[in-house]
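Residues per chain are reported as follows:
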Amino acid sequence: AVAKPAAQDDMKFTLYYSDWRPQFDLIQIVYAEGVITPGTTERFKAFLKAKKLIPGGKVMLDSPGGSLIEGMKLGQAIREAGFSTDIG
């Protein structure tokens, strides 16, 4: 018998947002947690639009991986949105 890996959730996005302008910085951190699956990029774009985020934020990735092609699309969408990435 072949062991099946534990089910992992599709990538979910949550936001940490703090606007201290003009004295301090605008902080926009999107936490991206879960497996990269088909549709992740479109969910990310919809998340940014719904939250009305502007370029200059950061995406903190916590993912075991997933779809290579979708991961490449997600990376492109992150760059196009003007966000940087980090691993958390």
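Up top is the structure.
## Looking at the overall build of the chain
Point 1. A tally of regular secondary structure across the chain gives two helices and four strands.
Point 2. Counted from the first residue to the last, the chain has its helices and strands arranged as β-β-α-β-α-β.
Point 3. Projected onto its principal axes, the C-alpha coordinates of the chain cover approximately 60 × 20 × 20 Å.
Point 4. When each of the 88 residues of the chain is scored for burial, the buried share is 31%.
Point 5. Taking the intrachain contacts of the chain between residues at least 6 apart in sequence as the baseline, contacts between residues at least 24 apart amount to 72%.
Point 6. With the model as given, the accessible surface of the chain reaches about 6200 Å², and the carbon-plus-sulfur share is 58%.

## Section: the sheet that holds strand 4 (residues 84-87)
Point 1. On the basis of which strands lie adjacent, the open sheet formed by four strands has the order 1-2-3-4 and mixed pairing. Because the sheet does not close on itself, it has two edges, and the strands there are strand 1 (12-19) and strand 4. Each adjacent strand pair in this sheet contributes to an overall mean axis angle of 20°, direction not counted.
Point 2. With four bridges joining them, strand 3 (residues 58-62) and strand 4 adopt parallel strand pairing. Its bridge partner being in strand 4, valine 59 is matched across the sheet by threonine 85.

## Quick look at the packing of aromatic side chains
Point 1. As enumerated under the stated definition, the model contains two aromatic pairs in all.
Point 2. With centroids separated by 5.5 Å and ring planes inclined at 55°, the aromatic side chains of phenylalanine 13 and phenylalanine 44 adopt a geometry described as tilted. Within this pair, whereas phenylalanine 13 is found in strand 1, its partner phenylalanine 44 is found in helix 1 (residues 40-51), the two being separated by 31 residues in sequence.
Point 3. Accessibility expressed as a relative area gives 13% for phenylalanine 13, which makes it buried.
Point 4. Seen in terms of ring centroids, phenylalanine 13 and phenylalanine 47 are 5.8 Å apart; in terms of plane orientation they differ by 40°. Their pairing is tilted. Taken together, the positions of phenylalanine 13 in strand 1 and phenylalanine 47 in helix 1 put the pair 34 residues apart, joining distant regions of the chain. In this pair, the class of phenylalanine 13 matches that of phenylalanine 47, namely buried.
Point 5. The rings of Phe13, Phe44 and Phe47 are connected pair by pair, giving a single aromatic cluster.

## Observations concerning the pattern of salt bridges
Point 1. For the structure shown, the criterion picks out two salt bridges.
Point 2. Residue glutamate 42 pairs with lysine 45 through a salt bridge whose shortest N-O separation is 3.8 Å. With glutamate 42 and lysine 45 both in helix 1, this residue pair falls three residues apart, about one helical turn.
Point 3. With relative accessibility at 39%, the residue lysine 45 sits in the partly exposed group.
Point 4. Across the pair aspartate 86 and lysine 58 runs a salt bridge whose closest N-O atoms are separated by 3.8 Å. Of this pair, aspartate 86 sits in strand 4 while lysine 58 sits in strand 3; the two residues are 28 residues apart in sequence, bridging distant segments of the chain.

Calculation notes
Residues numbered from 1 in each chain as written. Predicted model: local features only at pLDDT ≥ 70, side-chain atom pairs only at ≥ 80, totals over all residues. Heavy atoms only, no water. Helix = DSSP H or I, 4+ residues; strand = E, 2+ residues; numbered from the N terminus. Buried < 20%, exposed > 50% of the residue type's maximum accessible area, 1.4 Å probe, protein only. Contact = heavy atoms within 4.5 Å. Areas by Shrake-Rupley, 256 points an atom, 1.4 Å probe, with all protein chains shown as cover. Pairing = 2+ DSSP bridges. Axes fitted to C-alpha atoms, helices over the stretch in contact; angles between N-to-C directions. Phe/Tyr/Trp six-rings, centres within 6.5 Å; stacked < 30°, edge-to-face > 60°. Salt bridge = Lys/Arg side-chain N within 4 Å of Asp/Glu carboxyl O.

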